[in-house]
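An overview of the molecular structure
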2 protein chains.
Amino acid sequence: MYSSELIKGTLKTIVLSLLAKRGRMYGYEITQCVKEETDGKIQLTEGALYPLLHRLEAEGLLETEKENIGKRVRKYYRLTESGNAEASSLVAEFQAFSKTINDLLHPFLLKPSYYA
Amino acid sequence: MYSSELIKGTLKTIVLSLLAKRGRMYGYEITQCVKEETDGKIQLTEGALYPLLHRLEAEGLLETEKENIGKRVRKYYRLTESGNAEASSLVAEFQAFSKTINDLLHPFLLKPSYYA
DNA sequence: TTTGATACATAAGAAACTGATGTATATTTG
DNA sequence: CAAATATACATCAGTTTCTTATGTATCAAA
């Protein structure tokens, strides 16, 4: 499990890029998907995720549609056009940032072969 | 310039690893060094840095010594033993995290050759 | 039927940063 | 030489965002 500080810094990037990848997801599904795909190393809490989804919707980056599942209502989110642009932008930023940090920490770095 | 959220998430990592690399630095020097080495893409603010240095010292990760430069007092920081361990640990965590995120965002990723 | 999973939401408190302000010395520049 | 800029520390009100807990409700499984 990674520190919450690291996760905080990329929470928006994770959520938006996941939606870009999968098209349409609901909140609970996002938490489960991230947990599974990272082998439990990243676990989003609902208290952090739901308010974020609401903020992103308010900012016009996400759209929602409700769907009835039995007697329950499930809320699906998908990217708007600007949400899609933002997702790409955040992913590119993370990659550049990651490289910058690695350069900065250079003497600490393990050999590139490690990442192969 | 990277988003403050990304920087926040790695601020401690940056500061501790820089001290591990250079042995001994004072606050202002850290801001300038990070700015130069990242071509201005990461600019630490003093309002974020000084309180962090104080916290890290209080946690026993850093030690200080004051030095008189003319009539001014300069405060040098260096890692304690546990600070050194923490630096290594945070760098390793960042690298693993970075890989995890890249895997998660996979369809967005540029080819590994990009990073060579 | 009770436990755990699914699925949403909110809110008090905590943590950390932003941006401003303050103090003071040193250097550079017009 | 006066003013502006750089060096160098520090603090703080306000903001943002997360943590942790709580709340509601349905559904499946034991």
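Remember, predicted model here, so these are calculated numbers, not experimental data.

Turning our attention to the protein's contact with DNA strand D. The local shell around DNA strand D holds 22 residues, among which Arg72 of chain A together with Tyr26, Tyr28, Arg72 and Arg74 of chain B are the closest. Each atom of DNA strand D within 4 Å of the protein belongs either to a base or to sugar and phosphate, the latter forming 73%. Within the side chain of Arg55 of chain A, one N or O atom sits 2.8 Å away from a phosphate oxygen of DNA strand D. In the environment of DNA strand D, a phosphate oxygen lies 3.3 Å from a nitrogen or oxygen atom belonging to the backbone of Gly27 of chain B.

The next point concerns the sheet that holds strand β3 (residues 72-79) of chain B. All names here are of chain B. Read from one edge of the open sheet, three strands run β1-β3-β2, paired in antiparallel fashion. Taken across any chain shown, the strands that pair with only one partner, and hence form the sheet edges, are β1 (25-26) and β2 (62-69). In the sheet, β1 pairs with β3 via two bridges, with the strands oriented antiparallel. Looking at β3, one finds that Tyr26 is bridged to Tyr76. Helix α3 (residues 46-58) contacts β2 and β3 of the sheet and is inclined by roughly 55° relative to β3.

Formed by 62 residues in total, the largest nonpolar core has its most connected members in Val15 of chain A together with Val15 of chain B. With residues up to four places along the chain from it excluded, the contact list for Val15 of chain B reads Ile30, Leu44, Leu49, Leu52, Leu53 and Leu56 of chain B.

A separate point is the protein's contact with DNA strand C. Around DNA strand C sit 22 residues, and of these Tyr26, Tyr28, Arg72, Arg74 and Lys75 of chain A come closest. Here the atoms of DNA strand C within 4 Å of the protein split so that 78% fall in sugar or phosphate, with bases taking the remainder. Contacts to DNA strand C include Arg55 of chain B, whose side-chain N or O atom sits 2.8 Å from a phosphate oxygen. Those elements that provide at least two residues to the surface near DNA strand C are α2 (27-37), α3 (46-58) and β3 (72-79) of chain A together with α1 (4-22) and α3 of chain B. Of all the elements, α3 of chain A adds the most residues to the surface near DNA strand C, at five residues. Tallied by class, residues from the surface near DNA strand C come to six nonpolar, seven polar and nine charged.

So, about unusual backbone geometry. At Asp39 of chain A, a position not held by glycine, the phi torsion is positive, near 55°. Position of Asp39 of chain A relative to the elements: it lies in the loop between α2 and α3.

Basis of the calculations
Residues numbered from 1 in each chain as written. Chains lettered and ligands numbered in written order. Predicted model: local features only at pLDDT ≥ 70, side-chain atom pairs only at ≥ 80, totals over all residues. Heavy atoms only, no water. Near = heavy atom within 4 Å. Polar contact = N/O pair within 3.5 Å; in protein donor to acceptor, adjacent residues only side chain to side chain. Pairing = 2+ DSSP bridges. Helix = DSSP H or I, 4+ residues; strand = E, 2+ residues; numbered from the N terminus. Contact = heavy atoms within 4.5 Å. Axes fitted to C-alpha atoms, helices over the stretch in contact; angles between N-to-C directions. Core = buried A, V, L, I, M, F, W, Y, C linked by side-chain atoms within 4.5 Å. Buried < 20%, exposed > 50% of the residue type's maximum accessible area, 1.4 Å probe, protein only. Nonpolar A, V, L, I, M, F, W, Y, C, P; charged D, E, K, R; others polar.

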